[in-house]
Amino acid sequence: FVVDGYRVIETLGVGGMGVVYLAEHTQLGRKVALKVLKPEYANNSDVVRRFFDEARAANRVGHENIIQIFDFVEKGDLRLFVMELLDGQPLSSLTRARKPLGIERTLRITRQVADALHAVHAANIVHRDLKPDNIFLTRRARDPRRTPFDLVRDAFGSRLPPDRGADGSHHFGRLRQRLRKAD
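Residues numbered from 1 in each chain as written. Predicted model: local features only at pLDDT ≥ 70, side-chain atom pairs only at ≥ 80, totals over all residues. Heavy atoms only, no water.

1. Examining the environment of H25
By the element assignment, H25 lies in strand β3 (residues 18–25). H25 sits 19 residues away from Y6 along the chain, and the two C-alpha atoms are 4.4 Å apart. Those residues in contact with H25 that sit more than four places away from it in its chain are G5, Y6 and R30. (Helix = DSSP H or I, 4+ residues; strand = E, 2+ residues; numbered from the N terminus. Contact = heavy atoms within 4.5 Å.)

Here it is as C-alpha cells:
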C-alpha cells in the first residue's frame, strides 16, 4: 500500500512511540524509513508535537553521525516522518553476539558517538536513551549513526511515552487500516 507517495514494504522495528517501516518513493525509487506514530498517540496533541519535535531536533543538530529526516506527513489520524534508510546493524547486535570489536574499532565508534553527542548537547538537547540499540553501524563506512531521538528531553523538559512492547506485524496491519480510513 502507498502513503503520501511512499510504498510501504515491511516493518523494520517497533519502539515506544512508533513503528518504523521500510518504504520506497513511488516516483524516485528511493528507499527510506518511515517512522509512524502509534495509533494510541495520534490524536494526543502533546505527543504529536513531541513526535515531530524529535525529527526537528535531529535536523537542528545536522551532524554526519545523526540520521537525516526528510519530511513530515499528517494524513487523517496518521502521523509519520520520512527518514534516511541506514544499511547496517545496531551496535547491540554485535554486543549480543559477544564478538570482540577490537580496540581500534571500539575507539573509532566511541569517538564518533561522542562527537554526535557533543553536537546534540551544543544544540541544547539532552539525549535520554543512549544505548547500543540506538547506535547504528552503517556498512558504507562503519560509522555509527544515532537513530531518531526516541527519548529526548529538550530544554523545556518534554518527555515521550514509554515503550508498551507492541508487536510490529499488528501495527503494520493497523497502519493499513488507518490509511484506508484517511482516504
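2. Let's talk about the side chain of R79
Within the secondary structure, R79 sits in strand β6 (residues 78–84). On the accessibility criterion, R79 (12% relative accessible area) is buried. Here E74 takes part through its side chain, which lies 3.4 Å from a polar atom of the side chain of R79. Engagement of the side chain of R79 in a polar contact is seen with the backbone oxygen of G76, the distance being 2.6 Å. (Buried < 20%, exposed > 50% of the residue type's maximum accessible area, 1.4 Å probe, protein only. Polar contact = N/O pair within 3.5 Å; in protein donor to acceptor, adjacent residues only side chain to side chain.)

3. Examining the confidence of the model for the protein chain
Note: predicted coordinates in regions of low pLDDT should not be interpreted at a detailed level. Taken as a whole, the protein chain shows an average pLDDT of 80; of its residues, 76% reach a score of 70 or greater. For the stretch residues 149–172, pLDDT sits under 50, and the model shows 64 contacts to residues farther than four places along the chain or on other chains. (pLDDT = per-residue confidence, 0-100.)

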